[in-house]
Each structure stands twice: as C-alpha cells, then as structure tokens.
Amino acid sequence: MSDSLDSQFSPTPVPDSLVQNVSWDVLSQFITCTAAVTGRDYYPVLAEQLTSSLDVKYAIIGEICQWEDGHPTRVRSLCFWSGQGVVENFEYDLVCTPCGRLLEQACESSGDLSFCWFPEEVQRQFPEDIDLVKLQAESYLGVALLDPQSGQPVGHICILDDRPLSVEKRHRGEVLLSLFATRTVAELKREQAERREQEKIKELESALAELKYTQSKLVQIEKISSLGQLVAGVAHEINNPLSCITGNLSHTADYTADLLEHLSLYQQQYPDTSPEISEHAEDIDLNYLTEDFPLIVDSMKVSVDRIQEIVSSLRQFSRLDAEETLCDVHDGLESTLVVLRHRLKANPDRPEIQVIKDYGKLPEILARPGQLSQVFMNLLSNAIDAVEERNQGRRYGEIERKPNVIGIRTQHLQDEEGDRIAICITDNGNGIPVEVQPRLFETFFTTKDGERGTGLGLSLSQQIIAENHGGSLSFDSTPGQGTEFIIELPVSPGDKAG
C-alpha cells in the first residue's frame, strides 16, 4: 500500500516549530473572529475560517451522539461548511469512515492529541463511505476533541478537499486544529451542560404539570366521590318515603274504586235522598268528584313512577365503582338522560332539545358503570352547551324551524380491530374551531368561561375510557355544522388496546 493511502496518525502535540509555519496575521484573524462568538454561533465562524485560511472546500465539526460497547458509532454535526455556507445539521454513522478511524485511534491514545490524515485518494481507503463520493473528496485531515477529564473523545473537527493535501497545508492545518481544539471542546461541553440543564428544566416542568394534573384529578375524583355519596344518600332517603307512598297508592286506588262503586250502589238503591244530602252533593259537585278522583290517583301514580325513575337514575349515576362488572351501556345512557332532563326540556328562550336515539343491539361489557355515566354526562352536557351557544341571537320561531338536536347512536363492531361497542354522541351546534381541536383533551384547556368550564371534563373522560377501560375517545367536528364524539369500548378485557 502506498504511503498516500496509509492512515497517518500522530498522538503527540504539534511541535512549536510547526506553529511558525502559520503567519501571525492568520492566527490573529482566527482569534479575533472566534473570540467574539460563543455557543452555536462559534462553530460556523470556526469552520469558515478553517476553509478560508487553508484553502480547502469542506470543514465539519461533529459531536459523538451514540456509543456501542465503548466505541463511538454515530456523530451529530454541529456545523458542516460546504465552502459556500452552512449545510443543515445531520447525523452520520462512523463505521468505515475516516472520522470513525480518527475517533477509534483517539480512544486508544490515552488522552493525547490525536490527528488522522489521508493526503490523497481517501475514497479508495474508505470505499463504503458514500459521502466521500458525494463530496468528491480527495484528502482528509481531522483532530479528535477530547474530554479533559476522561481523556475520551467527545467529537471531532475535520477538513476535506477535492485536491490532494500537501505536507505544508497539512502542517498548517494541524496547528490551527490543535490551537482551537481546546476552545471547541469547551464550547461543546458548555453546550452539553446547557442542554442537560434544559432537559432538567423540561423534566421539572413536565413533573410539575403532571403534579398539577394529578392534584386536579384527585380533587375532581374527591368531588365526584363526595357528590356520589351525597346523591346516593339523598336518593336512599327519598326512596324510603317514596316506597311507602308507592305501596299505599295502589291500595288507595283500590279503596277509591271500592268506595265509588259502593256510592254508586247507594244511589241506585236509594235514588230519593233527603234535601240535606242532595244539597251537599251539589255543593261538592259529586258527579265531577267521582269522575276526577280516579284520575287524580292515576296522576299521582305517574308522578311517583317519575320520582322512582329519577331516584333509580341518581343511584345508578352516583354508584362508586370499586370493581368492574357486567353492565348494559344503554342503562347508563338512559340514566344520564334522566338526570339531564331538566336541561333538555323547553324553556322561555327555546323549544325542547330533541334527543334522537339509534340504539343497536349491544352485548353487556365488563366496565365500571359509574365512570361510564360520568363520561356520558360530560359529553352530553357539552352537546347541550354547544346547541345552546348556537341559539345565541336566534329567535324562538327560528329555533323551532331548525331545532336543536342531539343524537345518540350505538352499535356492536366486530372486525380486525377486535370485538367492541361504539357510542356516538352528536350535536348540531357550531362545531369546534380548527385551531383549538388539537388541544381539546388537554388538562385545564377549555373554550368556556370560568363559571361554566374547568378544562377537566374531556381530559378525565379520555382517561376513564383509555386508561380505565382500554378503549378510545375521539371526535370529528366541522365548524358551523356540529360535532361527533366517538367512544369505543372492548367487550371483554382480552380485547383491550395496549
């Protein structure tokens, strides 16, 4: 192998005699140009000065970013000067490259200053390095950047040219590279320290955000738990007298029917009554009373049934889910609609909000019904808010012609994605602005004012669906047309995602 193809390696510092080959003007210009810049701005200034002073085409300053078994395997460019300017930073492998040879030799040099040069035909020495072909490189000179504490390489500075490298130019290059290697290591170490500090700051910010989220979640869970216990207690207290009324109403209806029948028999057997009885019958409007009294009892039964439905829904909604259980999703939806009925019914400002149900045949799923009811409550409440917002500025008659509509559709899905059920809740509100859609599930993010929104409803809903039930919560919204939220839940634990 000819001398021109041999890797020339020098572990010793550049002799003082070589420094004399570099003019004071060149050194002065180098020192002046680089002294005023630090950090990322330092690298392109150094690279430009190297290519200009040495009359070469390329200069690369790199940082080792990957090690394997104690050997550097990958480098991240800090600056690649192409002769016409800085090329965007990139990463490159060290295997079968002159930079790889340089850094391998530096690992074995015990902390001594390390140079590696190939005066000519460098492509023949490293035929697998396609970057040398792209750059049409003929010669190479590099110095390893060594950590002053460990003596191990942290990066490199190298120059390449499309012409052979003369001995004189190589000597001048070694002088300049050796003089500025220490400064470059200092800049690199400072940047690495700043990067570590930034990473620590990001970790702390992330930990703080997680702490705030956890705190808010605990507060919300505690509120929900306390509210659930309160509602369950109230429902239980209501249920006791309600059961008494319900049981007695059936007897009252029977007794009323018996008494009215008995009165009718009296009237048939004794059509002629005393003036006092006839007068009292007229005073109380006996005929109307006998017709209306059964209707009153029936109305009371309907009202009691309505109260029982509300109590049952409250108990269903407020249940505390310690464990998963088989549940019917439709029961949870219906219970939530009962709790929200006061918000759906007509008021002086608008007609009733229409709820259109399209329930498919669903299997029971293993889930926490109370948590699912909380999700349904959040999504349906948001849908009501959306149509209420759309009503602003619209007259009652206009809303009647284009009514507020909330749709609930369920279906059983069985495909390559698994056995699952889907619950879709739609509204014909104004839709979600495009610019806020990516942030919709962020904790504390809300488009509502402070009195109406906390920014926790959707983030907690996503957590309940994704983390607690292995499902997914997504949405599709078109501004001006409305929004659809899609919940997908696995039928059994074995179908859960992740």
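To be clear, the structure that these remarks concern was listed above.
Residues numbered from 1 in each chain as written. Predicted model: local features only at pLDDT ≥ 70, side-chain atom pairs only at ≥ 80, totals over all residues. Heavy atoms only, no water.

**Remarks on the overall build of the protein chain**
And then number 1: Helices and strands together make up the secondary structure of the protein chain, namely 14 helices and 15 strands.
And then number 2: Per-residue burial over the protein chain gives 40% buried out of 498 residues.
And then number 3: Long-range pairs, those at least 24 residues apart, make up 68% of the contacts in the protein chain with a sequence separation of at least 6.
And then number 4: With the model as given, the accessible surface of the protein chain reaches about 27700 Å², and the carbon-plus-sulfur share is 51%. (Helix = DSSP H or I, 4+ residues; strand = E, 2+ residues; numbered from the N terminus. Buried < 20%, exposed > 50% of the residue type's maximum accessible area, 1.4 Å probe, protein only. Contact = heavy atoms within 4.5 Å. Areas by Shrake-Rupley, 256 points an atom, 1.4 Å probe, with all protein chains shown as cover.)

**Some words on a negative patch on the surface**
And then number 1: A surface patch of negative charge is lined by Glu 276, Glu 279, Glu 282 and Asp 283.
And then number 2: Summarising the element assignment, Glu 276 is placed in helix H8 (residues 275-283).
And then number 3: Given the relative accessible area of 65%, Glu 276 is considered exposed. (Patch = residues over 30% accessible without salt bridge, like charges linked within 9 Å, V, L, I, M, F, W, Y side chains within 5 Å. Salt bridge = Lys/Arg side-chain N within 4 Å of Asp/Glu carboxyl O. Lys, Arg positive; Asp, Glu negative; His and termini not counted. Charge placed at Lys NZ, Arg CZ, Asp CG, Glu CD.)

**Section: the environment of Glu 291**
And then number 1: Mapping Glu 291 onto the fold places it in helix H9 (residues 286-317).
And then number 2: We classify Glu 291 as exposed; its relative accessible area is 58%.
And then number 3: Sequence-wise, Glu 291 and Leu 260 are 31 residues apart; in three dimensions their C-alpha atoms are separated by 9.4 Å.

**Quick word on a nonpolar patch on the surface**
And then number 1: Together, Ile 284, Leu 289, Phe 293, Ile 296 and Met 300 give the surface a local cluster of nonpolar side chains, amounting to about 390 Å² of exposed area.
And then number 2: Counting through the fold element by element, Phe 293 comes out in helix H9.

**Observations regarding the sheet that holds strand E13 (residues 418-427)**
And then number 1: As summarised here, the arrangement of the five strands in space is E10-E12-E13-E15-E14, forming an open sheet in which the pairing is mixed. Sheet topology places strand E10 (354-358) and strand E14 (472-478) at the edges, where each strand pairs with a single neighbour. The sheet shows a mean angle of 15 degrees between the axes of neighbouring strands, taken without regard to direction.
And then number 2: Here E10 pairs with strand E12 (residues 405-415) via five bridges, running parallel. Within E12, the residue paired with Gln 354 across the bridge is Val 405.
And then number 3: Packed onto the sheet, helix H12 (residues 369-390) meets E12, E13, E14 and strand E15 (482-490) and runs at close to 30 degrees relative to E13.
And then number 4: Across the sheet, helix H14 (residues 457-468) lies against E14 and E15, angled at about 135 degrees from E14, the strand it touches most. (Pairing = 2+ DSSP bridges. Axes fitted to C-alpha atoms, helices over the stretch in contact; angles between N-to-C directions.)

**As for H8**
And then number 1: Taking burial as the measure, the nine residues of H8 include zero buried ones, a minor fraction of the element.
And then number 2: In the stretch just after H8, Asp 285 is the one whose phi turns positive, near 50 degrees.

**Concerning the pairing of E14**
And then number 1: Pairing of E14 with E15, which is carried by seven bridges, proceeds in the antiparallel orientation. Bridge pairing in E15 links Ser 477 to Thr 483.
And then number 2: Between E14 and E15, which pair antiparallel in sequence order, lie three residues; one of them, Gly 480, sits at a positive phi of approximately 90 degrees.

**Some remarks on the environment of Glu 48**
And then number 1: Tracing the backbone through its elements, the reader meets Glu 48 in helix H3 (residues 42-54).
And then number 2: Separated by 37 residues in the primary sequence, Glu 48 and Gly 85 place their C-alpha atoms 8.0 Å from one another.

**Focus: the layout of surface pockets**
And then number 1: Looking at the second largest pocket, its volume works out to about 340 Å³.
And then number 2: Those elements giving two or more residues to the lining of the second largest pocket turn out to be strand E5 (91-93), helix H4 (98-107), helix H6 (130-135) and strand E8 (153-161).
And then number 3: If one sorts the elements of the lining of the second largest pocket by residue count, H6 sits on top with five residues.
And then number 4: Here the lining of the second largest pocket is built from residues that sort into twelve nonpolar, one polar and five charged. (1 Å grid on protein atoms, 1.4 Å probe; cavity = no way out; pocket = protein on both sides within 12 Å on 5 of 7 lines; lining within 4 Å. Points joined across faces, edges and corners; volume = space filled by probe spheres on them. Nonpolar A, V, L, I, M, F, W, Y, C, P; charged D, E, K, R; others polar.)

**Details of the nonpolar core**
And then number 1: Formed by 36 residues in total, the largest nonpolar core has its most connected members in Ile 365, Ile 423 and Ile 487.
And then number 2: Going through the elements one at a time, helix H10 (329-339), strand E11 (365-367), H12, E12, E13, H14 and E15 are the ones with two or more residues in this core.
And then number 3: Take this core: its biggest share by element is nine residues, from H12.
And then number 4: Once residues within four sequence positions are removed from consideration, Ile 487 is found in contact with Val 375, Phe 376, Leu 379, Ile 421, Ala 422, Ile 423, Ile 465, Ser 472 and Leu 473.
And then number 5: If you look at the next biggest cluster of nonpolar residues, it comprises 28 residues, including Val 37, Ala 47, Leu 50 and Leu 165. (Core = buried A, V, L, I, M, F, W, Y, C linked by side-chain atoms within 4.5 Å.)

**Digging into the packing of H12 against H14**
And then number 1: At a minimum axis distance of 9 Å, the contact between H12 and H14 shows a crossing angle of 145 degrees. With respect to the hand of their crossing, H12 and H14 are arranged in left-handed fashion. Contact with H12, carried on its side by Gln 371, Leu 372, Gln 374, Val 375, Asn 378, Leu 379 and Asn 382, involves Gly 457, Leu 458, Ser 461, Ile 464, Ile 465 and Asn 468 of H14 and no other residues of that element.
And then number 2: A class-by-class count of the residues in the contact of H12 with H14 yields six nonpolar, seven polar and no charged. (Left-handed = near helix turned anticlockwise from the far one by under 90°.)

**Some thoughts on the pattern of salt bridges**
And then number 1: Inspection of every chain in the model, using the stated rule, returns 28 salt bridges.
And then number 2: Of the charged contacts in the structure, one is a salt bridge between Asp 415 and Arg 420, with a shortest N-O distance of 2.7 Å.

**Some words on the packing of aromatic side chains**
And then number 1: In total, this model carries eight aromatic pairs according to the counting rule given.
And then number 2: Plain terms: the ring middles of Phe 475 and Phe 485 are 5.8 Å apart, the flat faces sit at 40 degrees to each other, and that makes the pair tilted. Of the two residues, Phe 475 is situated in strand E14 and Phe 485 in strand E15; the sequence distance between them amounts to ten residues.
And then number 3: With relative accessibility at 8%, the residue Phe 485 sits in the buried group.
And then number 4: Chaining the aromatic ring pairs together yields one cluster made of Tyr 58, Phe 80, Phe 90 and Tyr 92. (Phe/Tyr/Trp six-rings, centres within 6.5 Å; stacked < 30°, edge-to-face > 60°.)

**Observations concerning the packing of H10 against H12**
And then number 1: Where H10 contacts H12, the two axes come as close as 9 Å, and the packing angle between them is 50 degrees. Relative to H12, the element H10 lies oblique. Note on packing geometry: the crossing formed by H10 with H12 is right-handed. Between H10 and H12, the contacting residues are Val 329, Gly 332, Leu 333, Thr 336, Leu 337 and Val 339 on the first element and Ser 373, Phe 376, Met 377 and Leu 380 on the second.
And then number 2: In terms of residue class, the contact of H10 with H12 is built from seven nonpolar, three polar and no charged. (Parallel < 35°, antiparallel > 145°, perpendicular 65-115°, else oblique.)

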